[in-house]
Amino acid sequence: FGNTIYEPHIIPGIEPPPNAVATLAKSQYSTSSSSSSRTNSRSITSDSHRFGMGYGIVHQQRIPADESEDLFRCVASPKTVSVIGAPMTYGQPFVGTDSGPSLLREQGLLQDLTNLGWRVEDTPDLDFSTICEQARSENNSSSNLLHNNNPNAKHSLEVGAGTKVLAELVESKLKLGKFPLVLGGDHSIGIGSLAGILRAKPETGVIWVDAHTDLNVPSVSNSGNMHGMPLGLMMKDLIPDRSVIPGLEWLEEGSTSPFLNPDSLVYVGLRDIDKAERHFIRQLGIKTFTMYDIDHLGIGNVMDLALEHLLQKSPDRPLHLSYDIDAVDPMYAPATGTAVRGGLTWREAHFVAEHVVRSGALASAEIVEVNATLADGQGASETVELGHQLVNALLGEAIL
């Protein structure tokens, strides 16, 4: 893939841009369980936000957590993060999600990661246009007929081809002891990320931070958009044979088919759940923390319970965190395709990442659904910068 390696602190000539929204942290509510103090934080984006909230430009130092702490214990030494651009857009109907990886890099992400003490391996963005075009050209008439008979998995051929390449890449990085950091792209890339992770480290626990469950399968999906299916397609009880979906035959190839045990999954931040998905959550017994739980218990207690569920019986297992930017309230992240009011505040969003890192078990992560074309200039830039900040938090940036 023509990887570029950067050693800690030495990316010459790259100066990260000033952080335009860091001062939002000073105005956010605490992580207490009081719902009365949080009323305004759950509202939809206001005109004052859309045209700039007047916080000014501030600089923020990138300071790693205390090196004496046992963080990232699942990563081999020297500590290396493999940045993988996955500019997928076929899993949902809007243009623009494919710009996510480049926008995050332009914020100075690579320099920030070296400042946090990481050795950075920058993998060029996966060329999904070429990969998907090749898949289409290789598709024969019989599989085309099958594709046409399965309209509830839109663009499955393209999503399948792209996520297969991603899965192979993620699997290879994990087997080398590196930390795969996947920059989406829409959330259908989760099919590839999870498949690669489960093949390399099948014991991995997954924290899914999202407004939505992404637990649909073609037979029940209202839209057929595959960014709503990555977890559903990893549940054997919901779809035991993925080869019936054109493009996803590769999931059933080889000696082991990657499936996720429902007990190895925790949801955080849900607030928009389809009827069938509600049934699946109950049927499978998936540990779930909705925005109601966050309001009631506070984000600190919620994350303690999430980590306890995944690590109490298996304290040495690795964790993967999949972060959909729409988990955050659109007041702070309006530039995304399926924004839902009533989400995480700016500080809650950061706390989720910071607390998982402090467990020492985080071994891989992804951020998805940043789409700068879906908000005005100010809203777009603030969403991108928030995504940038969350990635830094996932890689060990600490207040103290």
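Before going into details, it helps to say that this report is about the structure given with it.

Cut-off values and rules
- Residues numbered from 1 in each chain as written.
- Predicted model: local features only at pLDDT ≥ 70, side-chain atom pairs only at ≥ 80, totals over all residues.
- Heavy atoms only, no water.
- Core = buried A, V, L, I, M, F, W, Y, C linked by side-chain atoms within 4.5 Å.
- Buried < 20%, exposed > 50% of the residue type's maximum accessible area, 1.4 Å probe, protein only.
- Contact = heavy atoms within 4.5 Å.
- Salt bridge = Lys/Arg side-chain N within 4 Å of Asp/Glu carboxyl O.
- Helix = DSSP H or I, 4+ residues; strand = E, 2+ residues; numbered from the N terminus.

1. Quick word on the nonpolar core
Across soluble globular proteins, nonpolar side chains have a tendency to be buried as a group.
Link 1 in the chain: Ranked by size, the top nonpolar core spans 59 residues in total, and within it Phe179, Leu181, Tyr323, Leu344 and Leu395 carry the most contacts.
Link 2 in the chain: When near neighbours in sequence (up to four residues on either side) are disregarded, Phe179 contacts Phe72, Val75, Thr80, Val81, Ser82, Trp118, Leu362, Ala363, Ser364, Ala365 and Leu395.
Link 3 in the chain: Among the nonpolar cores identified, the runner-up in size contains 49 residues, and Ala161, Val170, Ile197 and Ile245 belong to it.

2. Digging into the pattern of salt bridges
Link 1 in the chain: Applying the stated criterion across every chain, the model contains ten salt bridges.
Link 2 in the chain: With a closest N to O distance of 3.0 Å, Asp122 and Arg105 form a salt bridge. One end of the pair, Asp122, is in strand S3 (residues 119-123); the other, Arg105, is in helix H3 (residues 100-106), and 17 residues separate them in sequence.
Link 3 in the chain: Exposure remark for Asp122: the relative accessible area of 12% places this residue in the buried category.
Link 4 in the chain: Lys175 serves as the salt-bridge partner of Glu171, at 2.8 Å between the closest nitrogen and oxygen. Pair noted here: Glu171 and Lys175 are both in helix H7 (residues 156-175), with a separation of four residues, about one helical turn.
Link 5 in the chain: On the basis of relative accessibility, which here comes to 17%, the residue Glu171 falls in the buried class.
Link 6 in the chain: Among the charged side chains, a network of salt bridges with common partners joins Arg105, Asp122 and Asp125.

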